Amino acid sequence: MTSAQAVDDIVGSEYEHGFTTDIASETFPPGLDEGVVRAISARKGEPEFMTEWRLKAYRHWLTMREPAWAAVYYPKIDFQSISYFSAPKRPEDMPKSLDEIDPILLDTYNKLGIPLEEQKALAGIAVDAVFDSVSVATTFRKSLAEAGVIFCSISEAVHDYPELIQQHLGSVVPHTDNYYAGLNAAVYSDGTFVYVPKGVRCPMELSTYFRINARNTGQFERTLIVAEAGSYVSYLEGCTAPQRDENQLHAAVVELIAMEDAEIKYSTVQNWYPGDAQGKGGIYNFVTKRGDCRGARSKISWTQVETGSAITWKYPSCLLRGDGSVGEFYSVAVTKGRQQADTGTKMIHIGKNTSSTIVSKGISAGEGTQTYRGLVRIGPRAEGARNHTQCDSLLIGDRCSANTFPYIEVKHPSANMEHEATTSKISDDQLFYCRSRGLTEEDAVSMIVNGFCKEVFNELPMEFAVEAQKLLSISLEGAVG
Amino acid sequence: MLAVKGLRANVGGKEILRGLDFSVGPGEVHAIMGPNGSGKSTFAHVLSGREGYEVTAGSATFEGQDLLTLEPEERAQLGLFLAFQYPVELPGVNNTYFLKAALNSILKARGEPELDAVSFLRLIKEKLKILHLDDSLLKRAVNAGFSGGEKKRNEIFQMALLEPKLAILDETDSGLDIDALRVVADGVNALRSPERSMIVVTHYQRLLDYIQPDVVHVLSKGRIIRSGGKELALELEEKGYGWIDAEGQAA
Ligand SMILES: Nc1ncnc2c1ncn2[C@@H]1O[C@H](COP(=O)(O)OP(=O)(O)O)[C@@H](O)[C@H]1O
Ligand SMILES: [Mg+2]
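Residues numbered from 1 in each chain as written. Chains lettered and ligands numbered in written order. Predicted model: local features only at pLDDT ≥ 70, side-chain atom pairs only at ≥ 80, totals over all residues. Heavy atoms only, no water.

Here's the deal with the interface of chain A and chain B
To keep it simple, the criterion reads: Note on contacts: a residue pair qualifies if any of its non-hydrogen atoms lie within 4.5 Å across the two residues. We define buried area as the total accessible area lost by two parts upon association, computed with a 1.4 Å probe and summed across both. The working definition used for a salt bridge is a side-chain nitrogen of Lys or Arg within 4 Å of a carboxyl oxygen of Asp or Glu. Going along the chain from the N terminus, every DSSP run of H or I of four or more residues is numbered as a helix, and every run of E of two or more is numbered as a strand. The classification used treats Ala, Val, Leu, Ile, Met, Phe, Trp, Tyr, Cys and Pro as nonpolar, Asp, Glu, Lys and Arg as charged, and all other residues, Gly among them, as polar.
Listed as interface residues are 19 residues of chain A and, on the opposing side, 34 residues of chain B. Here chain A meets chain B over a buried area of about 2000 Å², counting both sides, of which 61% is carbon and sulfur. When the area that chain A buries against chain B is broken down by residue, the three leading residues are F432, Y433 and R437 of chain A, summing to 39%. Our count for the chain A to chain B interface comes out at five salt bridges. With its nearest N and O atoms 2.7 Å apart, the salt bridge here joins E155 of chain B to R437 of chain A. Mapped by element, the contributors of at least two residues to the side of chain A that touches chain B are α10 (428–435) and α11 (441–452) of chain A. Broken down by element, the side of chain A that touches chain B gets its largest block of residues, seven residues, from α10 of chain A. Looking at the side of chain A that touches chain B residue by residue, the classes come out as seven nonpolar, six polar and six charged.

Right under this line is the structure:
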C-alpha cells in the first residue's frame, strides 16, 4: 500500500466515526470553531493554561483579517475546508521500507544525495524523526540532556516544562501579531522547543526535518528557542515534500529569544512542492519568524535558502533590544515556474550600538515573481546603530521579475546605514564561456547561480551548504532555454 | 584533424565569413593574421559553436565529425578549446571548482573515470609547474577582477588542464606587455605536442617571434587570401595590412 492510499483510508474512515464524538481520530474532519480548538488541546492532553491560551488566540483571530499587502496572488483560502489535526501514524501503519515510499520523493532525496538512513527517517520509516504534524521522536536527546540542553517537541515541553512555556511562548510573536500567527496560536499542531541554559554551548547542530504528508491538513508548526545568558545554539530546519494536487497552507511561527551574550543561529533550507507548471498544487508558506535579542551583546542570525512553495510570505526578523546586540539575515530565494515569493526581513534597532546585516539574493526564472521587502527601523534610543543591506537579484530568462522594496525609518541621527542593490542577468557570454569548457548549459547555470549565492551559503553549516547547492541546481533544472 | 571548406557565416544579418577554406593537421600550429574586423573572432566562435552565428554554406569537420551540428560543450568534449580574446568573468565561481567541474564533465562525456579532489589537485600542481604559474589564481573567482594578463594566463592554464586536441587562441597576445607575452608564449610552447594542434589568431607579428607557426594564413574580409611560411608574417609586418587589403580587393 502506498502512503497516499493509507492516508485516504484513514481520512475516509474518520468520516464514519464522526468528529464530535471521537477525539481519538487520526485526522479531524475539515472545519474550525471553538470546539475544534478545544478538541486539539484535549487530544494532545494539554494542561488548562494551554487550552485557554489557544482559545484566547482563536477569539482574537476571529476579529482579524487576512493581510493583502504582499505582492502575491492566490485563490481565497477557505479556512473551513482545512483539517486542523492529524496524529502521527502508529508504528504498524508506517511504511516498513523505502519500497513503499513515493518514488518522486525518493528521486528528490537521491538527487540531493541524502544518505539512505536519513532517507528512511525523512520518509517516516520507523527511525527517530519528526514527520507529519506531530513530533514523534527527537534525536540525540541524551547527550543534549547531559549538557543541560532541552530539545523536544513543543507538546512535550508543555507537559514537562510548563513554566518555561508559560514564560516564553508568544512573548516574541504574540497571537495578536498577524492573521497567520493568530491562527497558528489557536491550532498549532506541534513543533520544536529548545532551551539552552546559561553559559552552555550546545554540543551539536540541532536539526529537525519537517515534512507535510497528510493530504488536506494545514500545518501549523510552532518553534521556540530560548538561549540563556552566554549560551550558543545552532538550529537547522529543512524539508522536502512529495508531489500533490491540493494547495496546502503552512503557517508556522518561530520565536527565538537570546539573552545577554547569547547567540542563536537559525538556518533553513526550504524545498516544499512548488506546484505543477501551472502553479497548481503547491504549498502556501505563510510564516512568522522573529528573533528577540533581549540581552546586551546577544546575536541572532537567520540564514535561509528558499526554493520551494507555490507562495512564500516570510520575513524573519530581529528585535535588537539589548545594547550592542547583532541581527543578521542571509537569504537565497528562488522562484521559477509560477512561484511567487514576497520575502525579506525586518531589523528593529531599539538598543544602543546595535548592528544588523542583510544579504538577500533573489533568483527568478520562468515566470517566477519575487519581491524583497526589508524594513530597517532605527528607534529614538538606538544611538550608534548600524545597518548594512545588500540586495541582489539575478534574472534567468525574460518572463520573470524581481522587485525590491527597502523601507528605512531612522529616528536617531547617529545611524549609519548602507544600502546596495543590484539586478543582473546570466549573460550569453557567461553561458558560452562555460559551455566551451565542456559544461552543459544546466551545469553552467547552476554554477553561476551558486556563485551568486556564495555569501549566503558561506553562512550555512557545512553539510547544509552542500545540500543547499544541490537543491538549487535541482530546482533550476530546465530553467534556461 | 580540422577541415573547413567554403565556410560562410552571417552575424546580425551581415555576411562576415565569405567562403573560408582552412585545414590543420595533427600537431601543427597555424597562425591566422588579419586586420581588425576581418572575421578572426567570428571564425573562432563559429568553430566553437557560439549562438548567434548563422552558417549559410560550407562545412567544418573535426577528426571526420561534422562540427557544425554539435553543441559547444560537445565540441569541447571532443577536444576543442577556445582561449577567448575577452575571457568572461564568473563572479563567485571558484576557479579550481570551475576547472574540476569542466574537466570532469569532459571525462564523463568520454566515458572516462572522473577525478576526485585529491587527484585533481595533484594534476593542478603539475600543470602550474609546467607553466611556471603560482597558485594565487586558483583561489579566486573565475576571471573576476583579474588583470588583462592574468585573464590570458588563466586561459592558457585552462588549456593545459583540459588538454585539448585542437586549441584556438584568439588574440591571446593582445594587450599584454612583453613579460606577460613571454609567459603566455612559454606556456603555449610547453603544451605543443604531436597530438595537439593549435590555431593562433593574432593581429601582430610579435607573438610569432615566440611561437613558431608551421603555417601562416592571412584572413581578409572573411576569406583566407594567402597562406605561407613564417616569412609571410614578416612580410606582413613590413608592408602593413594595407598591402593585403589592396590585394584582397584585387583578388
Ligand atoms: N554580434 C555582432 N553583430 C553584428 N556584427 C558583428 C557582431 N560580432 C561581430 N560583428 C562584426 O563582424 C566583423 C568581424 O568581427 P570579428 O570577427 O570580431 O573580427 P576580428 O576578430 O577579426 O577583429 C566586424 O565587422 C564586426 O563588427
Ligand atoms: Mg577578434
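Considering the packing of α10 of chain A against α11 of chain A
Each pair of packed helices can be described by the angle between their axes along with the distance between the axes. All names here are of chain A. Using the following cut-off: Each axis is a line fitted through C-alpha atoms, and for a helix only the stretch in contact is used; angles between axes span 0 to 180 degrees, taken between their N-to-C directions. Relative orientations are named as follows: roughly parallel for angles under 35 degrees, roughly antiparallel for angles over 145 degrees, roughly perpendicular for angles from 65 to 115 degrees, and oblique for any other angle. Two helices cross in a left-handed way if the nearer one is turned anticlockwise from the farther one by less than a right angle. They cross in a right-handed way if the turn is clockwise.
Contact geometry for α10 and α11: axes closest at 9 Å, N-to-C directions at 120°. Judged by the inter-axis angle, α10 sits oblique to α11. As α10 packs across α11, the resulting crossing turns out to be right-handed. Taking contact as the criterion, the partners of Q430, L431, C434 and R435 in α10 are, on α11, E441, A444, V445 and I448. Of the residues in the contact of α10 with α11, the class split is five nonpolar, one polar and two charged.

Comments concerning the sheet that holds strand β10 (residues 223–228) of chain B
Residue and element names in this part refer to chain B. We count it as follows: Any two strands with at least two DSSP bridges between them are considered paired.
On the basis of which strands lie adjacent, the open sheet formed by six strands has the order β6-β7-β8-β3-β9-β10 and mixed pairing. Looking at the sheet topology across the chains shown, the edges are occupied by β6 (80–83) and β10. Averaged over all neighbouring strand pairs, the angle between strand axes comes to 20°, with direction disregarded. Bridge analysis of strand β9 (residues 215–220) against β10 gives five bridges, and the strand direction is antiparallel. Paired with S220 across the two strands is R223, which belongs to β10. Lying on the sheet, helix α1 (residues 40–48) is in contact with β3 (29–33), β6, β7 (166–170), β8 (197–202) and β9; it crosses β6 at an angle near 145°.

Notes on the environment of W302 of chain A
Residue and element names in this part refer to chain A. Secondary-structure assignment places W302 in strand β12 (residues 299–306). A C-alpha to C-alpha distance of 17 Å links W302 and T192, two positions 110 residues apart in sequence. W302 has contacts with V254, L256, Y266, K289, R290, G291, P316, S317, C318, E328, F329 and Y330, leaving out every residue within four places of it along the chain.

Examining the nonpolar core
Just so we agree on the cut-off: To form a nonpolar core, buried Ala, Val, Leu, Ile, Met, Phe, Trp, Tyr and Cys residues must be joined to one another through side-chain atoms within 4.5 Å. Buried means the residue's accessible area, taken with a 1.4 Å probe over protein chains only, is under 20% of the maximum for its type, while exposed means over 50%, and partly exposed covers the values in between.
I363 and V449 of chain A together with F22 and I199 of chain B are the most contacted members of the largest nonpolar core, which totals 98 residues. Ignoring any residue separated from it by four or fewer positions in sequence, one finds V449 of chain A in contact with I363, L394, I396, I426, L472 and L476 of chain A.

Looking at the packing of aromatic side chains
Each aromatic ring pair is summarised here by two numbers: the centre-to-centre distance and the angle between the ring planes. Residues and elements named next belong to chain A. Rule in force here: In this scheme Phe, Tyr and Trp rings, the latter by its six-membered ring, pair at centre separations within 6.5 Å, and the angle between planes marks the pair as stacked below 30 degrees, edge-to-face above 60, and tilted otherwise.
Inspection of the entire model under this criterion finds 21 aromatic pairs over all chains. The interplanar angle of 80° and the centroid separation of 6.2 Å between the aromatic rings of W53 and Y188 together place this pair among those described as edge-to-face. Taken together, the residues span a long stretch of sequence, with W53 in helix α3 (residues 48–62) and Y188 in the loop between α9 (179–187) and β4 (191–196) at a distance of 135 residues. Residue W53 is classed as partly exposed on the basis of its relative accessible area, which comes to 21%. The exposure class assigned to Y188 is buried, which follows from its relative accessible area of 0%. Look at F151 and Y235: their rings are 6.5 Å apart centre to centre, the planes differ by 85°, and that puts the pair in the edge-to-face class. On the criterion of sequence distance, the pair formed by F151 in strand β3 (residues 150–153) and Y235 in strand β7 (residues 232–240) is long-range, its members being 84 residues apart. You'll find F151 and Y235 in the same group, each marked buried.

Description of helix α2 (residues 34–43) of chain A
All names here are of chain A. Our working rule: In protein, a polar contact requires one atom able to donate a hydrogen and another able to accept it; more generally it is a pair of N or O atoms within 3.5 Å, and residues adjacent in sequence count only if both atoms are side-chain atoms.
All of the buried residues along α2 are V36, V37, A39, I40 and S41. In this structure, the buried residues of α2 make contact with α3 and α9. Two to three positions downstream of the cap, the backbone nitrogen of G35 sits 2.9 Å from a side-chain oxygen, assigning the N-cap of α2 to D33. Immediately downstream of α2, the backbone of G45 shows phi near 60°, a positive value.

Description of the coordination of the magnesium ion (ligand 2)
Residues and elements named next belong to chain B. As a reminder of what qualifies: Distances up to 2.8 Å from the metal define which N, O and S atoms are donors, and 3.2 Å serves for Na, K and Ca; water is absent from the atom set, so sites may look incomplete.
Distances from the magnesium ion (ligand 2) to its protein donors, S41 (OG) and Q85 (OE1), fall within 2.0 to 2.2 Å. Of the two residues, S41 is situated in helix α1 and Q85 in the loop between β6 and α3 (95–109); the sequence distance between them amounts to 44 residues. For Q85, a relative accessible area of 15% gives the class buried.

Focus: the pairing of β4 of chain A
Residue and element names in this part refer to chain A. A large share of β4 lies buried, amounting to six of its six residues. When β3 meets β4, the two strands line up antiparallel, connected through four bridges. Bridged to F151 within β4 is V194. Pairing geometry for β4 and strand β6 (residues 222–227), over six bridges, is parallel. By the bridge assignment, Y195 is partnered in β6 with V226.

Examining the site of ligand 1
Residues and elements named next belong to chain B. The cut-off we apply is this: Throughout, the term near means that a residue has one or more heavy atoms lying within 4 Å of the molecule or strand in question. Only the protein chains shown count as cover for residues, and the accessible areas themselves come from Shrake-Rupley with a 1.4 Å probe.
Every residue lining ligand 1 is accounted for by V11, K14, I16, P35, N36, G37, S38, G39, K40, S41 and T42. In this structure, K14 approaches ligand 1 through a side-chain N or O atom, which is 3.5 Å from an oxygen atom. Note that an oxygen atom of ligand 1 is positioned 3.3 Å from one of the backbone N or O atoms of S38. Starting from 560 Å² of accessible surface for ligand 1 in isolation, the protein chains cover 60%. Breaking the shell around ligand 1 down by element, the ones donating at least two residues are β2 (14–24) and α1. Of the residues contributing to the shell around ligand 1, the split by class is three nonpolar, six polar and two charged.

Some thoughts on the pattern of salt bridges
Using the criterion set out here, one finds 31 salt bridges over all chains in the structure. Between R399 of chain A and E367 of chain A there is a salt bridge whose closest N-O contact spans 3.4 Å. With R399 of chain A in the loop between β19 (386–396) and β20 (401–410) and E367 of chain A in the loop between β17 (355–365) and β18 (369–378), this residue pair connects regions lying 32 residues apart in the sequence. Since its relative accessible area comes to 35%, E367 of chain A is described here as partly exposed. Two residues, K40 of chain B and E171 of chain B, come together in a salt bridge whose shortest N-O distance is 3.7 Å. With a gap of 131 residues between them, K40 of chain B in helix α1 and E171 of chain B in the loop between β7 and α6 (178–190) connect regions that are remote in the sequence. An identical accessibility class is assigned to K40 of chain B and E171 of chain B; each is buried. One salt-bridge network, in which partners are shared between bridges, spans R435 and E441 of chain A together with E51, E71 and E73 of chain B.

Quick look at the sheet that holds strand β5 (residues 65–66) of chain B
Residues and elements named next belong to chain B. Pairing is antiparallel across the open sheet formed by four strands, whose spatial order is β2-β1-β4-β5. The open sheet has two edge strands, β2 and β5, and neither has a second partner. The pairing of strand β4 (residues 53–62) with β5 spans two bridges and is antiparallel. Within β5, the residue paired with F62 across the bridge is Q65. Taken strand by strand, α1 contacts β1 (2–11), β2 and β4, and its axis lies near 110° from that of β1.

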